Amino acid sequence: MILHAIVDDLRVARRAIDGGATHVQLRLKNLTTAELIAQGRPFRDLCASSGVTFVVNDDVDAAVALEANGLHLGREDDGFERAREAGLIVGLSAQTVEEAVAADNEHPDYLGAGPVWATPVKPGVPALGLDGLAHLCESVASPVVAIGGIDATKAALCIDAGAVGVAVVRASTDTAAVRTALERAAV
């Protein structure tokens, strides 16, 4: 089961890992590749020493330079083929079933699907809801990681809808509770 913490702060990353995150995605916006590499090294080192999968958001050059395990790309981002050539895990974002089906044709390692619930991280983006998440999961072959408004009270619902895991942003500081909810859902 995947518990994917999306972070921009090293203390939050450490807390997420201590709480049971299996993946840490570094999401630092509006930085040059060189700045992202410089700021990403401590995250990479923390993940490596903890045995946690380290994923870089959007920037394939930074992911390669940081020797990350993976790269997550939004719908408009380039770098899929280069990431594959570098041997990285590649995740793609999808907000609708149609986007998920199109992304699934690329054969990513996972699809980040959402938002499942409305979230301030993606203001104005319509939520899929649990029925939409279930339909999306049934429509693709790639594993689906649900994202958007997920916390410990909602994580198991995403697994019940067909997701293989959840990604959390605001709940990255509460991964222990999210992890417990996911473990209960797996029983």
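Structure's up top.
Just so it is clear, the structure is predicted and the values come from calculations on it, not from any experiment. (Residues numbered from 1 in each chain as written. Predicted model: local features only at pLDDT ≥ 70, side-chain atom pairs only at ≥ 80, totals over all residues. Heavy atoms only, no water.)

Participant: Describe the layout of surface pockets, listing the residues and the values that go with them.
Facilitator: In this structure, the largest pocket occupies an estimated 520 Å³ of space. Looking at the largest pocket, it is lined by 34 residues, and the ones nearest its centre are Ile6, Arg27, Ser93, Lys122 and Ile147. Class assignment of the residues belonging to the lining of the largest pocket gives a composition of 13 nonpolar, twelve polar and nine charged. Estimates place the volume of the second largest pocket at around 170 Å³. Gly74, Arg75, Asp77, Asp78, Phe80, Leu92, Ser93, Glu99, Ala102, Ala103 and Glu106 together form the lining of the second largest pocket. Secondary-structure elements contributing two or more residues to the lining of the second largest pocket are strand 5 (89–94) and helix 5 (97–104). Counting residues per element, the lining of the second largest pocket draws most heavily on helix 5, which supplies three residues. Of the residues assigned to the lining of the second largest pocket, the class counts are four nonpolar, two polar and five charged. (1 Å grid on protein atoms, 1.4 Å probe; cavity = no way out; pocket = protein on both sides within 12 Å on 5 of 7 lines; lining within 4 Å. Points joined across faces, edges and corners; volume = space filled by probe spheres on them. Nonpolar A, V, L, I, M, F, W, Y, C, P; charged D, E, K, R; others polar. Helix = DSSP H or I, 4+ residues; strand = E, 2+ residues; numbered from the N terminus.)

Participant: Give a description of the pairing of strand 1 (residues 2–7) that names residues and reports values.
Facilitator: Most of strand 1 is tucked away: six of the six residues are buried. Burial along strand 1 is two-sided: Ile2, His4 and Ile6 facing one way and Leu3, Ala5 and Val7 facing the other are all buried. As paired elements, strand 1 and strand 8 (residues 165–168) share four bridges and run parallel to each other. Bridge pairing in strand 8 links His4 to Ala167. When strand 1 meets strand 2 (residues 23–26), the two strands line up parallel, connected through four bridges. (Buried < 20%, exposed > 50% of the residue type's maximum accessible area, 1.4 Å probe, protein only. Pairing = 2+ DSSP bridges.)

Participant: Lay out the nonpolar core in plain terms, naming residues and giving numbers.
Facilitator: Membership of the largest hydrophobic core comes to 59 residues, with the highest contact counts inside it found for Leu133, Ile150 and Val166. Counting residues per element, this core draws most heavily on helix 2 (residues 33–50), at five residues. In this structure Val166 touches Ile2, Leu3, His4, Val145, Ala146, Ile150, Ala155, Cys158, Val178 and Leu182, once residues within four positions along its chain are discounted. Listed in part, the seven residues of the second largest apolar core include Ile2, Tyr110, Val145 and Ala167. (Core = buried A, V, L, I, M, F, W, Y, C linked by side-chain atoms within 4.5 Å. Contact = heavy atoms within 4.5 Å.)

Participant: Account for the sheet that holds strand 3 (residues 53–57), with residues named and values stated.
Facilitator: Paired through their backbone hydrogen bonds, the strands of a sheet run either parallel or antiparallel. Ordered in space as 1-2-3-4-5-6-7-8, the eight strands form a closed barrel in which the pairing is parallel. In this sheet, adjacent strand axes meet at a mean angle of 25° when their direction is disregarded. Where strand 4 (residues 70–73) meets strand 5, four bridges bridge the pair, whose relative direction is parallel. By the bridge assignment, His72 is partnered in strand 5 with Gly91. Running over the sheet, helix 2 touches strand 1, strand 2 and strand 3 and is turned about 160° from strand 3. (Axes fitted to C-alpha atoms, helices over the stretch in contact; angles between N-to-C directions.)

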